[in-house]
Amino acid sequence: MEIKNYHKAESLDEAYQLLISNPKNAIIGGGAWMKLSSPSIETLIDLKDLKLDQIIESKSSIEIGSMVTLQQLETNESIMKLGHGFISQSLSVILGVGFRNIATIGGTIVGRYAFSDVIPALLTLPVKLVFYPNKEMSLEDFLNLKGKFNDILTHIIIEKKTGKGFFKKVALTPLEFAILNVAVFKSENDFQIAIGSRPGGAVLAHEAMAFLNSQKEISDEVIEKTSNIVLDTIKFGSNKSGSEDYRKALAKSYVKRGIKEVTFK
Amino acid sequence: MRIVKHKTPSIDGKGIMMGRPAYSDDLADPNALTIKILRSPHAFAKIKSIDVSKARELDGVEIVLTYHDVPKKSFTRAGQGYPEPSPHDKFVLDEYVRYIGDEVACVAAINEKIAIQALKLIKVEYEVLEPVLDFEKAFENPSVIHPEEGIREMFPIGFLPKKNVAASYEMNVGEVDKVLKSCDVVIEESFYTQAQSHAMMEPHSVNARIDFQNRLVIYSSTQTPFHVRRILSQTLDVPLSRIRVIKPRVGGGFGGKQALHGEMFAALVTLRTGKPSKINYTRKEVFESAYTRHPMRIDIKLGADKDGTLKAIDCYILSDTGAYGEHALTVFMVAGSKVLPLYNKVEAVRFNGQVVYTNHVSAGAFRGYGAIQGNFAVESAVDILCTKLGMDPILFRQKNMILEGETSPIFAIMGEGTEGTAMNMESCKLDFCVKRGLELSHWKDIYPRKKLKDNKVKAVGMAIAMQGSGIPYIDMGAATIKLNDDGFYNLMVGATDIGQGSDTILAQIAAEELMTTVDKVIVYSSDSDLTPFDTGAYASSTTYVSGNAVLNAAKIMKDMLLEEASKALKVKLEHVKFDGYTFKSGEKEITFSDLANRLYYNEDQKQLTATGSYVGTKSPPPFMAGFIEIELDLETGEYEIMDYVSVVDCGTPINPKLAQGQVEGGIVQGIGMAAYEEVKYGNKGNLLSNSFLNYKIPTTKNIHKLTTEFAESYEESGPFGAKSVGEIGIDTPPAALANAVYNATGVRITSLPITPQKIYEGMMALKQKEHANENK
Amino acid sequence: MKVEFLLNGRNRIFDVSPDEYLLETLRNHYVTSVRNGCNESTCGVCTVLLDGKPVLSCTVLTVRIEGQHVTTVEGIQNEVSHISDFFGDEGADQCGFCNSGLALTIYALKNEYKNPTEADIKNYIVGNLCRCSGYQAQLKAIKRYLEDNK
């Protein structure tokens, strides 16, 4: 990275004004993902002193500051309980602790990395992103956002839901990008299914979810049909890690296994 | 034995873990100029013009070198015995660039930032040429990768650069075509092995300075300091006596540092500027601009009779040496010479092939050195043959494999680049290795597979392997032992510790013979001024060749000590007894430390030193049997390696823990090649696998269990019965895994790595075939 | 710009550029135990402890750690010597290049987990790549060290 100036912001407003004053200025979260892309930055703006590194659990939600590190998040007791630990699991597969003690959840989400492990898992929960100065939107909406967006992510709010989650990262070795990510979450009577690293970024399988959620009984046939709808409605592609056909086979297998696991185990 | 064949902690592990300066870059001169290399963006091109004026003008830049500024002598970067079996096809800098990452220009500046800036100011105009990126299309390709004058082979190796051939070879035992025709069963198959990156943890690192005697002193993370000195001297026309090469601690080599990487530039920059300099490869440069393993296509024909007698082996290899021909001939030959003798009772064997140039990253030495590629092909082919024969693969191997006391004609025919050396297997416990491995792997309970729940299956596969111990009549090692006051020794060896623990085991050998303890043998290694010669850490030579040299030196020292003791005690030599601590003769005695002090300070003063050398007259192979257990998901093709059982015959393991570390480290690298690692290129010849994110080496989570045992074995010609253990571990995993996957699914994978996707596609193809047959 | 932090218990002031990483700062000041394996956040060789937590020093900008505490093996010598006893006994130390970073990770693991399972250990050290040992001997050594330190 090339960085001309470094500034620790004393308020969100100061950070925001500095950010929009020059297109070559940037906010740094952990700087871990940032380093991998080697950008050239005029002024690097640090939110370290703005107390955005807290995780606060209330009755209905878990509020996560954007500067919380991935490791902090993974080992947090409230997060570990969520969905029987599938969010923590999706974080634990990201490189090693030396990386996760630096990378932040804010930097991870804002980067919208297609290979992200934690984003597909979060997509299956009701997650709201809070930006400064004054925007709020769902994680899914943020992922679909087009065009330039300069607002600063300050908080990630997960609405607490009782249920069971499933997460699978398909990869040959633990330290590489996923060939495919599959996340499933079942609460009361609602299934959520997300696929990531397709190699495209994480998406919810809406048509498949609609079908599954309309069923009274979760039989083998229903599960089979749900997985086929995923293949018909979600786009998969080929790259050097895997072919489109193989990704489809993986998606089918793991959507089925995920549904079974959150329903019956 | 009190010290040899016992575990002892390495003599340097603690100090290194505690952070003492030890590696090349830790020892660089603090004022060293930083060297950066401008590298070619084209797979094949000619430099039409190169303008470095702006770079030279940049404040802080000391020197910029292009091909106009450097000697025009061809050489080989390969660290091998001289004259080398590698073609001299490399120039320090050339007007041709032959792979993406090849050297174009060299900049030295006062710091890294300025050096990188200077690179950006160099203007190069290239004439882009058509690259050869498919090694199966390289032979007689209109695009000639080495059209230049001034390149040559040092002795006939089949060097035909106008046809893009770096080397070729053929050997025949008997008449293989005739015998094949007479066989009841013949199988034929082609196997592809991929290029593998060494991925050692320490990137290549060299620094240079001029000392106060006006000599060039090089610190290099190298496996072959003496070869480095010679090659620098010959290429840069500097007298050998004005160059000193020191190898400090090395953070892994595995063959990837058995050549010059950066030494030429550090030497030139320091000679021209008079200033110290250093060059540290980035991780990207280690992937892109150092070496890979030779990728190969191996065509195998095996012929056998109904009763399971293997009668003929026909082996053709096409090997891709990339842009330069270092190790081209020798790796290719080892793919035959260190695999084919495993089945020594055949009536006929043919081994032939070519090594071609392509515009890929240069291939070079890599642990196994051809044996792993050849082993994958032959040991897979054997299982294929067994299926066709309807014969158990264990029984087949036990019937046909080499045993103690036997020999193979191939030993006499195939050496490394030259003729070989005939030898009998004085020590070969391959039969025990197989038997014991069957027990440890629970083979009989699982073979071929066992159903598990959830559409998973457990399966086993195996392979046998051999390697060598040094290169006979070529590899020489030497050791000097110096006695100190108080009764301890300095052991100076040329042998190159690159992390395998040679300093430690050589101290153990000396301590055993001198009847002292390891802490009383202080090792100093690999300094071309202060230590005697050694060819370096390759060809699994250190324990056998350097170890024998140490043993010789220790024997001479012991004789000298007895002589001095007899003088001190004023008795006849024959009457002196030594137990390591005291020299006794009847009632008279003198302690070892008293004798040492006497020799330093009191009477009959002299400095005792003893030098021993050794050249092997044979290369006794270590042997092993490797057994893999996998759990495979029949739906997705994913699998996990649950256990790898290795039973190894390395003769006497000098240090059982370190020997186990060599085996297991090799096994895991072999598993990497079998299952995960792949050097991948894009369409333009650009390396896609140029970081650990893209190039996947095994992690601790990939390895569930490794079970390693050593056979009781003793090689008379080796130091205290030892052979070698550095490479044998890497050879079996690819074939063992391929065989296990076949046993699990019926899918035969013939190209590496064996990925879940390949297995899945194989299973789909089998299902379709079944459906097609059912519908008939 | 100037940045002040504790290095192995001693207060230090460094003058660094905004894009200088902690790895470079430390090596420029002769902390030779912290080494460069890849400089791209993928190998773990450069691991140091930041406020007791393992971080990749090649990925931490020095300007950001004002007032924080950096620990390298030079700062916990007795502890590292103890860890190395087990590595030596298991033959787990080969080239040693990954060992200093790994030792710090092991030390942090010991402090963070009361009774780590084998899976906990592997998950914690997975980011410290090793190309020499095959990992088994390392795991044995670590288990014995943790057992010894209960």
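Keep in mind it's a predicted model, so treat the numbers as computed, not measured.

**Q** Requested: an account of the sheet that holds strand β10 (residues 180-187) of chain A, with residues and values cited.
**A** Residue and element names in this part refer to chain A. Pairing is antiparallel in the open sheet, where four strands are placed in the order β9-β10-β11-β12. Single-partner strands in this sheet number two, and they are β9 (163-170) and β12 (203-204). Bridge analysis of β10 against strand β11 (residues 190-196) gives seven bridges, and the strand direction is antiparallel. If you follow Phe185 over to β11, its bridge partner there is Gln192. Along the sheet, helix α10 (residues 206-213) contacts β11 and β12; its crossing angle with β11, the most-contacted strand, is approximately 155 degrees. Relative to β10, helix α12 (residues 244-264) is tilted by about 25 degrees, and along the sheet it contacts β9, β10 and β11.

**Q** Help me get a handle on the interface of chain B and chain C, residues and values and all.
**A** Accessible area lost on assembly of the parts is the figure often given for the size of an interface. With 43 residues of chain B in contact, the opposing surface of chain C contributes 43 residues. Elements represented by at least two residues in the side of chain B that touches chain C include exactly α1 (13-17) and α17 (656-676) of chain B. If you tally residues by element for the side of chain B that touches chain C, the top one is α17 of chain B, at eight residues. Among the residues forming the side of chain B that touches chain C, the class breakdown is 19 nonpolar, 15 polar and nine charged.

**Q** Lay out the interface of chain B and chain A with the relevant residues and their values.
**A** Taken together, the contact between chain B and chain A spans 15 residues of the former and 13 residues of the latter. The set of elements that each furnish at least two residues to the side of chain B that touches chain A consists of α17 and α19 (756-775) of chain B. Tallied by class, the residues present in the side of chain B that touches chain A amount to seven nonpolar, four polar and four charged.

**Q** Describe in detail unusual backbone geometry, supporting the description with residues and values.
**A** Cis geometry is adopted by the peptide bond preceding Pro133 of chain A, which originates at Tyr132 of chain A and carries an omega value of 15 degrees. The residue Pro133 of chain A is located in the loop between β6 (127-132) and β7 (135-138) in this model. The amide bond that connects Arg198 of chain A to the next residue, Pro199 of chain A, takes the cis arrangement and shows omega of 15 degrees. Residue placement: Pro199 of chain A occurs in the loop between β11 and β12. Positive phi outside glycine occurs at Asp486 of chain B, with the angle close to 80 degrees. Turning to its location among the elements, Asp486 of chain B is positioned in the loop between β18 (476-484) and β19 (488-493). Not every positive phi belongs to a glycine, and Lys570 of chain B is a case in point at roughly 55 degrees. Judged by the 8 C-beta atoms lying within 10 Å of it, Lys570 of chain B is exposed.

**Q** An account of the domain arrangement of chain A is needed here, citing residue identities and associated values.
**A** Residue and element names in this part refer to chain A. Domain annotation of chain A identifies domain 1 (2-46), domain 2 (55-159) and domain 3 (163-264). The straight-line distance from the C-alpha centre of domain 2 to that of domain 3 is 20 Å. Taken together, the 22 residues of domain 2 in the interface contact 24 residues of domain 3. Those elements that place two or more of their residues in the side of domain 2 that touches domain 3 are α5 (86-92), α8 (118-123) and α9 (139-144). Classifying every residue of the side of domain 2 that touches domain 3 by side-chain character gives twelve nonpolar, seven polar and three charged.

**Q** Could you give an account of the packing of helix α2 (residues 77-90) of chain C against helix α5 (residues 136-148) of chain C, with specific residues and numbers?
**A** All names here are of chain C. The contact between α2 and α5 brings their axes to 8 Å, and the two run at 140 degrees. Classified by the angle their axes make, α2 and α5 are oblique. Considering the relative orientation of α2 and α5, their crossing is right-handed. Judged by residue contacts, Ile83, Phe86, Phe87 and Glu90 of α2 engage Ala137, Lys140, Ala141, Arg144 and Tyr145 from α5. Grouping the constituent residues of the contact of α2 with α5 by class yields six nonpolar, no polar and three charged.

**Q** Kindly report on the packing of α10 of chain A against helix α11 (residues 220-233) of chain A, identifying the contributing residues and their values.
**A** Residues and elements named next belong to chain A. Running from N to C, α10 and α11 point in directions that differ by 160 degrees, and their axes come no closer than 8 Å. By the criterion of interaxial angle, the relationship of α10 to α11 is roughly antiparallel. Viewed along their axes, α10 and α11 form a crossing whose handedness is right-handed. Across from Glu207, Ala208, Phe211 and Leu212 in α10, the residues of α11 making contact are Val222, Lys225, Thr226, Ile229, Val230 and Thr233. Grouping the amino acids of the contact of α10 with α11 by side-chain chemistry returns six nonpolar, two polar and two charged.

**Q** Any chance you could break down the sheet that holds strand β6 (residues 123-128) of chain B for me, citing the residues and the numbers?
**A** Ordered in space as β4-β2-β6 (chain B), the three strands form an open sheet in which the pairing is antiparallel. Sheet topology places β4 (96-97) and β6 of chain B at the edges, where each strand pairs with a single neighbour.

Thresholds, definitions, all that
- Residues numbered from 1 in each chain as written.
- Chains lettered and ligands numbered in written order.
- Predicted model: local features only at pLDDT ≥ 70, side-chain atom pairs only at ≥ 80, totals over all residues.
- Pairing = 2+ DSSP bridges.
- Helix = DSSP H or I, 4+ residues; strand = E, 2+ residues; numbered from the N terminus.
- Contact = placed C-beta atoms within 7 Å.
- Axes fitted to C-alpha atoms, helices over the stretch in contact; angles between N-to-C directions.
- Nonpolar A, V, L, I, M, F, W, Y, C, P; charged D, E, K, R; others polar.
- Buried ≥ 20, exposed ≤ 12 C-beta atoms within 10 Å, placed from the backbone.
- Domains from an automatic or database assignment.
- Parallel < 35°, antiparallel > 145°, perpendicular 65-115°, else oblique.
- Left-handed = near helix turned anticlockwise from the far one by under 90°.

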